[in-house]
Amino acid sequence: MVSWQRGLWLFFVPSFGLLAVVLLWPLGYAIYLSFFDYFLGTGTRTFIGLGNYIELLSEARLWRSMWTTIIIAFGSVALEFAVGFALALALYRLNSSAKVFSVLLFLPHIVTPVVAALFLKWMLAANWGLVDATLLTFDITPPDWLGDPLWAKVSVILADAWIFTPLIMMVLYAALQGLDASLIEAAQIDGASNWRILRHVIIPALIPAIIFTISVRLMDVFRFFDLIYVLTGGGPGTATETITMYTYQLGFRMLEVGKASALGVITLVIVAALLLSINRALNSIYRGGDR
Amino acid sequence: MSAADAPNRRRRDTWLIFIALSVFTVINLMPLIWAVLTSLKDPRDAFTIPPTIIFEPTLEYHRQVWFENDFFVYLKNSLIVSAGTVLISVPFGSLAAYALSRIPRRSAGPILSALFTIRMFPHMLLAIPFFVMGTFLNLIDSYILLILALVAINQPFTIWLMHGFFLDIPRDLDEAAAIDGCTSWQAFRIVILPLARPGMTVAALFSLLLSYNEFLFALVLTGTSTKTLPVAIASFGGEDISSWSLSAAGAIGIMLPIVVVMLLLQRYLVRGLTAGAVKG
Amino acid sequence: MAPLTIRQATKSFGAVQVLHGIDIDIQDGEFVVLVGPSGCGKSTLLRLIAGLEDITTGDILIDGKVVSRLHPKDRDIAMVFQSYALYPHMSVGENMGFSLRMRDVSQAERERKVAAAAEILGLTPLLDRYPRQLSGGQRQRVAMGRAIVRDPKVFLFDEPLSNLDAKLRVQMRAEIRSLHKKLKTTIVYVTHDQIEAMTMADKIVVLRDGHVEQIGSPLELYDAPANAFVAEFIGSPSMNMLEGRVGEKGQSFITAKGVELPLEAPPPLEPGRNAIMGLRPEDIRLGAHGAPARILLIEPTGADIHVNLDLNGDQLTAVFHDRLELTEGESVGVAIPADVVHFFDVETGERISS
């Protein structure tokens with residue numbers, strides 16, 4: 001660093017000092033706690049080394065919640081990405097009236113997630129929810145959207161998609177607008193079909209934005225909480241209990257904070273591994289299209 | 001396809017897209033519309049098959065939720081927490097982001113990656129130690145603990161976002177300021193900061209949204225006296241169908257300020273969402 | 001106003017050394033232009049003087065005082081940036097007065113100095129405008145105004161005219177020159193444009209790959225370039241360079257392609273020696289006699305005619321002020337008058353002087 005700018009290091013002090021206190025220290029503390037059998041109710045704390053990890057990894061409930069998380073994560077991200085990309089392309093194509101649509105379509109994302117979850121609950125609630133009420137009008141017997149183990153998962157995926165599809169749409173739409181339109185025109189003049197233009201011109205140019213959205217969404221989905229908490233509370237039974245939900249139950253319901261911390265650490269490791277492999281895979285497909 | 005057909009076909013396609021998009025938008029907004037209608041309905045209109053579209057609207061439940069159910073207190077709590085988060089996160093984040101944009105790339109790169117990595121920490125992993133420490137320090141149900149937790153999850157993003165804005169401000173200006181007699185601090189305060197105002201607006205907007213909407217930390221770190229709006233509405237009779245109208249009114253009330261802010265600041269919002277995605 | 005001395009200055013960015021032991025002495029009030037192709041290190045050298053980059057080894061002295069380790073603000077210099085670097089949120093007047101404000105000059109004094117500088121540069125009616133409301137030339141002037149209000153010891157200019165159109169550039173060139181006459185402040189001016197260097201400088205420093213190639217007045221550089229690089233760099237169109245050897249009788253130069261050019265004066269080197277002969281385009285004469293050449297291309301610029309000649313495989317450019325009756329493809333004789341040729345060593349490119 002050039003000497004006249006040496007004072008700039010001081011600019012980091014407030015922020016990084018704060019982060020050390022409110023982020024790194026708690027994080028270290030959580031890792032520390034994960035080696036203890038620690039029930040917050042009585043305050044008894046015994047060091048058990050990797051005991052929590054061993055116990056957790058041999059538990060059926062953990063693996064079930066892991067599967068639930070994976071199904072919900074990939075299901076919702078896939079749905080969000082497909083719909084979001086289609087919407088972005090439609091907006092890009094419309095041009096003039098796109099502005100109104102983009103505002104209206106973006107609304108669900110801006111709503112407080114808890115509130116959005118309530119909105120969806122009122123849609124899907126048995127009998128009196130809008131969906132059931134409508135279907136019953138036509139004498140169709142609806143499934144139990146939130147009470148059936150399978151449908152509850154579907155409902156959670158749909159709900160997540162309702163909230164986050166707009167985000168993906170918006171990011172991809174912005175990326176599309178940043179595209180060099182002459183590329184597409186040149187391809188049109190060359191007589192390329194719409195599908196080929198999409199496949200060979202648009203998608204490669206959007207790779208950085210696509211990697212970004214998918215990565216960010218995947219890490220969000222691994223920690224989303226509000227939605228399931230409000231919509232199903234993890235139920236019925238543990239049908240929609242994700243890792244996050246399970247951690248919450250352990251830590252804040254059963255007050256087993258040591259075990260909950262261990263589960264948090266496990267989640268962190270999974271998310272990190274997942275992100276790394278996604279980035280690597282996508283990057284290798286498009287040979288570092290991300291720059 | 002002859003040459004003359006092409007524009008016609010294109011116009012027809014555009015219309016099809018327009019119609020499809022309109023239908024999708026209406027369906028997509030249904031939960032929201034339904035909630036608004038529910039909040040204006042008397043229970044006798046709310047529970048009918050088929051669902052009623054035409055009914056006599058009433059603002060009674062909006063009145064009740066605010067004036068008989070402490071929502072003003074929760075709103076006050078939400079505003080205090082949000083303001084506290086913004087006032088800590090944005091200035092601190094701006095300082096770091098500015099320095100980050102001015103140090104050599106090879107030093108800035110690892111810091112940026114580290115910040116990006118921190119963003120992916122599961123919040124639950126942070127909530128546990130905050131809860132345990134808060135219990136020991138007797139800080140549960142205090143504003144400061146929640147504010148600090150929100151700053152912790154918000155700060156990396158704020159730095160990341162502001163970094164992009166500072167990069168757009170030419171370094172020549174820093175150099176001109178240095179030659180004109182400014183220390184680093186003076187150059188930042190007098191020359192750079194006024195130019196970074198749009199960026200700070202975006203960062204503040206996002207911090208505000210995050211802290212206003214945040215649920216997990218608010219749920220585990222607040223109590224009766226600091227409960228924020230999302231925690232309040234989540235515990236507010238969502239189960240009991242007889243109170244649907246009332247909780248719908250509350251939910252709409254929570255949503256409205258955000259919608260207004262969003263409509264006013266829409267262009268900033270897009271800029272913030274796409275920061276990091278479209279470039280760098 | 002002060003002399004400026006650069007002593008054995010080197011600069012490395014990591015493992016890459018961009019300046020190798022630069023020595024320059026600049027007199028008080030001198031207008032010095034650093035010129036060279038892009039990547040030669042001229043801007044880096046200017047930034048070392050300004051203190052925007054750290055010097056690796058060596059020293060910089062302003063007014064006899066070592067400033068090498070000082071913060072830019074403590075060196076008493078002013079700089080005009082290529083991008084102008086005007087503060088977008090400050091009016092013209094505030095931009096110009098900013099350095100005074102940072103030095104705690106009183107409001108009244110500041111206004112007086114800004115007004116005086118604005119007067120000199122014709123900016124008085126623009127003082128309340130903002131940079132975005134100004135044209136390129138006006139911004140350029142504000143950038144200079146910001147530099148002169150302070151009355152610093154040294155002015156530094158970093159390619160200040162490169163963002164202007166050609167006509168404005170010529171005009172600003174003259175303005176900067178006359179400003180220098182008025183203020184008599186030491187100026188270090190960086191440009192890649194040798195015409196700017198020639199027209200403005202008291203002294204030119206030619207740089208290449210981080211080395212000083214030659215220091216001298218414009219005409220010294222033109223008349224007696226120290227090496228082939230300077231010879232080719234200074235002058236437009238650039239000097240013709242012919243490889244070959246001196247004729248056995250010492251009265252001619254035989255090009256590598258086998259053409260014998262008669263010389264009117266004997267060259268200052270022994271017959272038969274290999275050398276590069278440099279020949280300015282305007283020194284070539286055409287006539288019935290001389291070495292046979294073919295006219296490839298005629299480019300009239302209005303004032304001059306540029307003629308590209310083929311000399312048995314070597315290309316020559318010649319410039320004439322007279323409107324000669326020439327046609328492309330025609331064969332002519334090339335003659336070289338006395339005392340206008342330059343010789344350079346084939347290996348080192350150094351000038352071979354008599």
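Reading the values: rules and limits
- Residues numbered from 1 in each chain as written.
- Chains lettered and ligands numbered in written order.
- Predicted model: local features only at pLDDT ≥ 70, side-chain atom pairs only at ≥ 80, totals over all residues.
- Helix = DSSP H or I, 4+ residues; strand = E, 2+ residues; numbered from the N terminus.
- Buried ≥ 20, exposed ≤ 12 C-beta atoms within 10 Å, placed from the backbone.
- Contact = placed C-beta atoms within 7 Å.
- Domains from an automatic or database assignment.
- Pairing = 2+ DSSP bridges.
- Axes fitted to C-alpha atoms, helices over the stretch in contact; angles between N-to-C directions.
- Core = buried A, V, L, I, M, F, W, Y, C linked by C-beta atoms within 7 Å.
- Expected span 1.5 Å × (residues − 1).
- Bend = angle between axes of the 7 residues up to and from the residue.

Remarks on the overall build of chain A
Here is step 1: Scanning chain A from N- to C-terminus turns up 12 helices and 2 strands.
Here is step 2: For chain A, the α and β elements follow one another from N to C terminus as α-β-β-α-α-α-α-α-α-α-α-α-α-α.
Here is step 3: C-alpha atoms of chain A, sized along the principal axes, occupy 80 × 75 × 30 Å.
Here is step 4: In chain A, which comprises 291 residues, the share counted as buried stands at 44%.
Here is step 5: Sequence-distant contacts in chain A: of pairs separated by 6 or more residues, those separated by 24 or more amount to 71%.

Thoughts on the domain arrangement of chain B
Note on interface size: it is often stated as the accessible area lost on association of the parts.
Here is step 1: What the domain assignment lists for chain B is domain 1 (5-61) and domain 2 (70-235).
Here is step 2: The straight-line distance from the C-alpha centre of domain 1 of chain B to that of domain 2 of chain B is 37 Å.

Here we look at the sheet that holds strand 17 (residues 305-311) of chain C
Residues and elements named next belong to chain C.
Here is step 1: Pairing is antiparallel in the open sheet, where 5 strands are placed in the order 15-19-16-17-18. Strand pairing shows two members of the sheet lacking a second neighbour, strand 15 (285-287) and strand 18 (314-320), which therefore form its edges. For this sheet the average axis-to-axis angle between neighbouring strands, irrespective of direction, equals 45 degrees.
Here is step 2: In terms of strand pairing, strand 17 meets strand 18 through 7 bridges, oriented antiparallel.

Observations concerning the interface of chain B and chain A
Here is step 1: With 76 residues of chain B at the contact, the number on the chain A side is 78 residues.
Here is step 2: No other element matches helix 1 (residues 5-39) of chain B, which puts 13 residues into the side of chain B that touches chain A.

Notes on the sheet that holds strand 11 (residues 240-246) of chain C
All names here are of chain C.
Here is step 1: One open sheet holds the 5 strands; their spatial order is 13-12-11-14-20, and the pairing between them is antiparallel. Each having just a single partner strand, strand 13 (260-262) and strand 20 (341-344) make up the two edges of the open sheet. Going across the sheet, the axis of each strand differs from the next one's by a mean of 40 degrees, ignoring polarity.
Here is step 2: Two elements, strand 12 (residues 252-255) and strand 13, share 3 bridges in a ladder whose sense is antiparallel. Directly across from Phe-253, in strand 13, lies its bridge partner Leu-261.

Concerning the interface of chain C and chain B
Here is step 1: Each partner contributes residues to the interface: chain C has 17 residues there, and chain B has 14 residues.
Here is step 2: Listed by contribution, the elements that provide at least two residues to the side of chain C that touches chain B are strand 6 (77-80) and helix 2 (92-102) of chain C.

Comments concerning the nonpolar core
Here is step 1: Core analysis: the biggest nonpolar cluster contains 266 residues, and A:Leu172, B:Ala149 and C:Val188 have the highest contact counts within it.
Here is step 2: With residues near it in sequence (within four places) discarded, B:Ala149 still touches A:Val22, B:Leu126, B:Phe130, B:Phe217 and B:Leu221.

Quick look at the environment of B:Val270
Here is step 1: Within the fold, B:Val270 resides in helix 14 (residues 266-274).
Here is step 2: When the C-alpha atoms of B:Val270 and B:Thr158 are compared, they prove to be 15 Å apart, with 112 residues separating the residues in sequence.
Here is step 3: When residues no more than four places from it in sequence are discounted, the contact partners of B:Val270 are A:Met170 and A:Ala174.

A closer look at unusual backbone geometry
Residue and element names in this part refer to chain C.
Here is step 1: Backbone torsion omega between Ser-236 and Pro-237 reads -5 degrees, so that peptide bond is classified as cis.
Here is step 2: Following the sequence through the fold, Pro-237 ends up in the loop between helix 8 (228-233) and strand 11.
Here is step 3: One non-glycine residue, Asp-209, lies in positive phi territory at about 45 degrees.
Here is step 4: What makes Asp-209 partly exposed here is the crowd of 15 C-beta atoms within 10 Å.

Some details on the pairing of strand 2 (residues 44-47) of chain A
Here is step 1: By the bridge criterion, 4 bridges tie strand 1 (residues 36-39) of chain A to strand 2 of chain A in an arrangement that is antiparallel. By the bridge assignment, A:Phe36 is partnered in strand 2 of chain A with A:Phe47.

Concerning helix 1 (residues 9-33) of chain A
Residue and element names in this part refer to chain A.
Here is step 1: With 25 residues, helix 1 should reach 36 Å at 1.5 Å per residue; the first-to-last C-alpha distance of 33 Å fits that figure.
Here is step 2: For helix 1, the principal kink sits at Ala-20 and spans about 40 degrees.
Here is step 3: Buried residues of helix 1: Phe-11, Phe-12, Ser-15, Phe-16, Leu-19, Val-22, Leu-23, Pro-26, Leu-27, Ala-30 and Leu-33, and no others.

Things to note about the environment of A:Ile202
Residue and element names in this part refer to chain A.
Here is step 1: Along the chain, the position of Ile-202 falls in helix 9 (residues 194-221).
Here is step 2: Between the C-alpha atom of Ile-202 and that of Ile-184, which follows or precedes it by 18 residues, the distance is 7.8 Å.
Here is step 3: In this structure Ile-202 touches Leu-179 and Ile-197, once residues within four positions along its chain are discounted.

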